[in-house]
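# Summary of the model geometry
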Amino acid sequence: MEDREIVALFRERREEGIAAAEKKYGGLLFSVALGVLGSREDAGEAVNDALLRTWDSIPPNEPEHLDAYLAKLCRRAAIDRLRRDRAGRRWGGVAEQALEELADVLPDGKTVEDAVQASELAALIERFLLAQPETARWVFLRRYWYVEAVVDIARETGYSVSKVKSMLHRTRKALGVYLEKEGYR
Amino acid sequence: MKGETVFVALGELGEDLIHEAAGTPARHRSPIRRLPLIAAAAILLAALVTAVAVWEPVKSAAGVQILTATGDKLRAGGGSSSVLQSGGREICRIRDGRILFLCWEEETDVTDRCSERDYYAWEHAYDNGVRQLVLVGGTPASAGWLYVYWFTDGTAAFDLPCAYDYYGADWFYRAIEDYGLDFLRPMETDYGDLAVPATKELLEHGYPVNALGETYGPMVTWLEEPDLELAHGKDGVIGYLRRTELDAATGVGQVHSPEEALAWNEYVRQRGAVEIPLYREDGVTVVGYFVVGG
């Protein structure tokens, strides 16, 4: 089913839209959630959360890219689940590695206080990423947005693992420099 | 947890970017796909790259380059390396159809100064007497670059990250003439009865494997290093170096910081030269020796 048809089902408040979205993008969503949470059970619940949030937000929203819209809600739902019950949950293994790698981008203790600041930081990161070569951007997002293992990224791109690591290192370093120039360090 | 701030902020990126990354990656471009760009010279190029690879027996690993040159005879070794150069450095990038030269975090648009015949040159003399030359040539579709360091003891080190493209380019040969870089000129090599796979064959099928399960062949820029790497050894003998033996002798993977680099250089100075075997493609029959250091 085409994305626009799925969105139309949501708009018309027809619950088949949820099943259609899950059928088409369930794998993608599960993979994102599993990367963040590291538990299949938790990941499944995060996918359900994301589908419910989609139901609640379309309408009024009219996503242009349904895959990205769903994935974004799913990633957010997974992080929310972690934060809601921090004591009982840990970041998934892949996410934990990704977080460690990102640790040097901002100095210790630097946090964003609220959603507005997170959005500002995201806007800066987005501007930075748009200025990067397409492949470097793709690799960075697969690693830190889609929470994918380096070895999987290497397989998808045809690069060696060390090449992927090197690209990620360079991009993180450049991002740190960029954020510092923008007053974020 | 450290890193969480950026990780969470990434969640707010625009959907266009997320959608782009959800798709298929721009796969690592095989040189084979570039062949049409230089089809007329393809066979010649393959031979030249193979020949040149003989002179590049040691490549970077763990971020360390230890290629050195003396006059027109290149050899690998930690002993005479006076500078350790970090690998993985980005010299140029192509964006929006423009060639951007990167230097000290700054981008310079050099597109209009480069063509198939023309190149952009950047030179710098460091306080310690080391000179650096970076050359960029070609068009946005065929851009290539190289850099050379000259050390105070008369040796030089270089890297040719895009050799496959520019061995067919006029700007490369003009630069060799203009800057006296004869040691970069490709050479033909007679391999005798040694089995040496052609570059084109390697690019299409990967490295052949011997009875020990080891890959062998000349270094090719776009491929992982083979287990047995073609090299030019003592008394002009050509054979295969076992990479693990070469790495152990040259410090690859053992140097991770300037301090360790200095310590390694000191160790090599005291150790002097060591010889490691050159084998036939079977990885067993010794045909000569390769000298490291000294």
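Please refer to the structure higher up on the page.
Here is a short report on the structure shown in this document. (Residues numbered from 1 in each chain as written. Chains lettered and ligands numbered in written order. Predicted model: local features only at pLDDT ≥ 70, side-chain atom pairs only at ≥ 80, totals over all residues. Heavy atoms only, no water.)

## Some points on the overall build of chain B
- Scanning chain B from N- to C-terminus turns up nine helices and 16 strands.
- Across the 294 residues in chain B, those meeting the buried criterion constitute 50%.
- Look at the contacts in chain B between residues 6 or more apart in sequence, and 48% of them connect residues 24 or more apart.
- Only carbon and sulfur atoms are counted for the fraction: they give 51% of the accessible area of chain B, which is about 13200 Å². (Helix = DSSP H or I, 4+ residues; strand = E, 2+ residues; numbered from the N terminus. Buried < 20%, exposed > 50% of the residue type's maximum accessible area, 1.4 Å probe, protein only. Contact = heavy atoms within 4.5 Å. Areas by Shrake-Rupley, 256 points an atom, 1.4 Å probe, with all protein chains shown as cover.)

## Overview of the overall build of chain A
- If you tally the helices and strands in chain A, you get nine helices and zero strands.
- The order of helices and strands in chain A, counted from the N terminus, is α-α-α-α-α-α-α-α-α.
- In chain A, 62% of the contacts between residues at least 6 apart in sequence involve partners at least 24 apart.
- Surface summary for chain A: the accessible area is close to 8900 Å², and the carbon and sulfur share equals 48%.

## Digging into helix α9 (residues 161–181) of chain A
Residues and elements named next belong to chain A.
- With 21 residues, α9 should reach 30 Å at 1.5 Å per residue; the first-to-last C-alpha distance of 30 Å fits that figure.
- By the burial criterion, the buried members of α9 are Val164, Met167, Leu168, Thr171, Arg172, Leu175, Gly176, Tyr178 and Leu179.
- Just past α9, the residue Gly183 takes up positive phi, approximately 80°. (Expected span 1.5 Å × (residues − 1).)

## Let's talk about unusual backbone geometry
Residue and element names in this part refer to chain A.
- Cis geometry marks the peptide bond from Ile58 to Pro59, where omega comes out at -15°.
- Relative to the helices and strands, Pro59 is located in the loop between α3 (40–57) and α4 (66–84).
- With omega at 10°, the peptide bond leading from Pro59 into Pro60 counts as cis.
- Here Pro60 is to be found in the loop between α3 and α4.
- Positioned with a positive phi, Val147 is a non-glycine residue whose angle comes to about 55°.

## Looking at the packing of helix α2 (residues 16–37) of chain A against α3 of chain A
All names here are of chain A.
- Two numbers describe how α2 lies on α3: the axes approach to 8 Å, and their chain directions differ by 130°. Comparing their axes, α3 and α2 come out oblique. Handedness of the α2/α3 crossing: right-handed. Facing Ile18, Ala21, Glu22, Leu29, Phe30, Ala33, Leu34 and Leu37 of α2, the residues of α3 in contact are Arg40, Asp42, Ala43, Gly44, Ala46, Val47, Leu51 and Trp55.
- Among the residues making up the contact of α2 with α3, the classes are represented as twelve nonpolar, one polar and three charged. (Axes fitted to C-alpha atoms, helices over the stretch in contact; angles between N-to-C directions. Parallel < 35°, antiparallel > 145°, perpendicular 65-115°, else oblique. Left-handed = near helix turned anticlockwise from the far one by under 90°. Nonpolar A, V, L, I, M, F, W, Y, C, P; charged D, E, K, R; others polar.)

## Details of the sheet that holds strand β5 (residues 92–95) of chain B
Residues and elements named next belong to chain B.
- Taken in spatial order, the three strands make up an open sheet running β5-β6-β7, and their pairing is antiparallel. Two strands bound the open sheet, and with one partner strand each, they are β5 and β7 (106–109). With direction set aside, neighbouring strand axes in the sheet form an average angle of 35°. (Pairing = 2+ DSSP bridges.)

## Some points on the packing of α3 of chain A against α4 of chain A
Residue and element names in this part refer to chain A.
- Their axes nearest at 8 Å, the elements α3 and α4 cross at an angle of 125°. Taken together, α3 and α4 sit at an angle that is classed as oblique. In the packing of α3 onto α4, the handedness of the crossing is right-handed. Listed contacts from α4 to Asp42, Glu45, Ala46, Val47, Asp49, Ala50, Leu51, Arg53, Thr54 and Ser57 of α3 are Tyr69, Leu70, Leu73, Cys74, Arg76, Ala77, Ala78, Asp80 and Arg81.
- Of the residues contributing to the contact of α3 with α4, the split by class is ten nonpolar, two polar and seven charged.

Geometric descriptors of this kind do not, in isolation, establish any biological role.
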